[in-house]
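# Structure at a glance
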Amino acid sequence: MKYTYDDEADVRTTALIRVMALFFVGIMIIAATTSPIATGTKEGERAPSLEGKFYNGSAWTDFNLESYWDSEWVEGDINGQWVVIEFMDTDCPYCVQSAADMSSNSNDFSNSDSGWDGAIVNFIASVAELNIEGHDSSRAEMVAFRNKIPDSGETCAKSDCGTRPGTAHNFPYIDDLDLDNMKKWKVSGTPSYYLIQPDGIIAWSSAEHQGEDLRDAIITLVPRESA
């Protein structure tokens, strides 16, 4: 059998190889120049997971922080829902003092009935038991603090939990008495606050803005209709 060399087939094969080579070079360039968003607790990083049982007024159930995220959200979209996470301890005097601010902030920014014309902000408290003498917490103490229950027999920072400043909180409290979340987020003290975009990216951290108020951060960073 006589073999006949096909010039056109050879040209097509060579062209295909070149196209594939250019394609893979392009993929490599994109991979080299595109930096994936790191997971961490600094501004601009993707928020780590937050785990544990949470109480929302009725029972303790599994919590999933990722259920709040919207991967399709784009900056400036007022329809996306933001998240504020407070790391706190019910025996921390500063947390007790800031309870009133958390009451007013959650009431003002978590629903449109308050007159807030910006995106909804969801509030979450991750409650730790710091390794400090006298900081002996429990789920019963967390509920008494959250719901501001008077004469519950639970003590928060050496006072009746029901006498703390502010109104009852209507947002979830996560059990982090084992400090797993605090360690994962590398939180050094309480209270600490994080404001997170609808796509899960940290927009603001109190650790990076000493002296700046959470309320001011929300007003500045969360998109509004009037802006």
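Above this text sits the structure in question.
Everything in this summary refers to the structure shown in the same document. (Residues numbered from 1 in each chain as written. Predicted model: local features only at pLDDT ≥ 70, side-chain atom pairs only at ≥ 80, totals over all residues. Heavy atoms only, no water.)

## Some points on the sheet that holds strand 9 (residues 202-205)
Whenever strands of a sheet pair, they do so through backbone hydrogen bonds, lying parallel or antiparallel. What counts, and what does not: We treat two strands as partners when DSSP finds at least two bridges between them. Secondary structure is summarised from DSSP: a helix means a run of H or I of at least four residues, a strand means a run of E of at least two, and numbering begins at the N terminus for each. Here an axis means a line fitted to C-alpha atoms, over the contact stretch when the element is a helix, while the angle between two N-to-C directions is reported on a 0 to 180 degree scale. Throughout, a residue-residue contact means that at least one pair of heavy atoms, one from each residue, lies within 4.5 Å.
Taken in spatial order, the seven strands make up an open sheet running 2-1-7-4-3-8-9, and their pairing is mixed. Each edge of the sheet is formed by a strand with only one pairing partner; in this case those strands are strand 2 (60-62) and strand 9. Sheet twist, expressed as the average angle between the axes of neighbouring strands with direction ignored, equals 30 degrees. Sheet contacts for helix 2 (residues 93-109): strand 3 (82-88), strand 4 (121-128) and strand 8 (192-196); angle to strand 4, the most-contacted strand, approximately 155 degrees. Relative to strand 7 (residues 173-176), helix 3 (residues 139-147) is tilted by about 155 degrees, and along the sheet it contacts strand 1 (53-55), strand 2, strand 3, strand 4 and strand 7.

## Some words on the pattern of salt bridges
Side-chain pairs of opposite charge can arise where the charged atoms are in close proximity. This is how the line gets drawn: Note on definitions: salt bridges are taken to be side-chain nitrogens of Lys or Arg within 4 Å of carboxyl oxygens of Asp or Glu. Relative accessibility under 20% of the residue-type maximum defines a buried residue, over 50% an exposed one, and the middle range a partly exposed one, all with a 1.4 Å probe and only protein chains included.
Counted according to the given criterion, the structure contains five salt bridges. Put simply, Asp-62 and Lys-53 hold a salt bridge, and the shortest N to O gap is 2.7 Å. Judged by its relative accessible area of 34%, Lys-53 falls in the partly exposed class. The salt bridge partner of Asp-175 is Arg-139, with a shortest N-O separation of 2.8 Å. Taken together, the positions of Asp-175 in strand 7 and Arg-139 in helix 3 put the pair 36 residues apart, joining distant regions of the chain. Under the relative-accessibility criterion, Arg-139 is labelled partly exposed at 32%.

## Details of the state of the cysteines
What is meant by a disulfide is a covalent connection between two cysteines, made through their sulfur atoms. Note the cut-off: By convention in this document, the label disulfide applies to cysteine sulfur atom pairs within 2.5 Å.
Taken as a whole and assessed by the stated rule, the structure comprises one disulfide. With a sulfur-sulfur separation of 2.0 Å, Cys-156 is cross-linked through a disulfide to Cys-161. Handedness here is read from the sign of the S-S torsion; for Cys-156 and Cys-161, about 90 degrees, the answer is right-handed. On the basis of relative accessible area, Cys-156 is assigned to the buried category, the value being 4%. Free cysteine Cys-92: the closest other cysteine sulfur is in Cys-95, separated by 3.0 Å. Given a relative accessible area of 1%, Cys-95 falls into the buried group.

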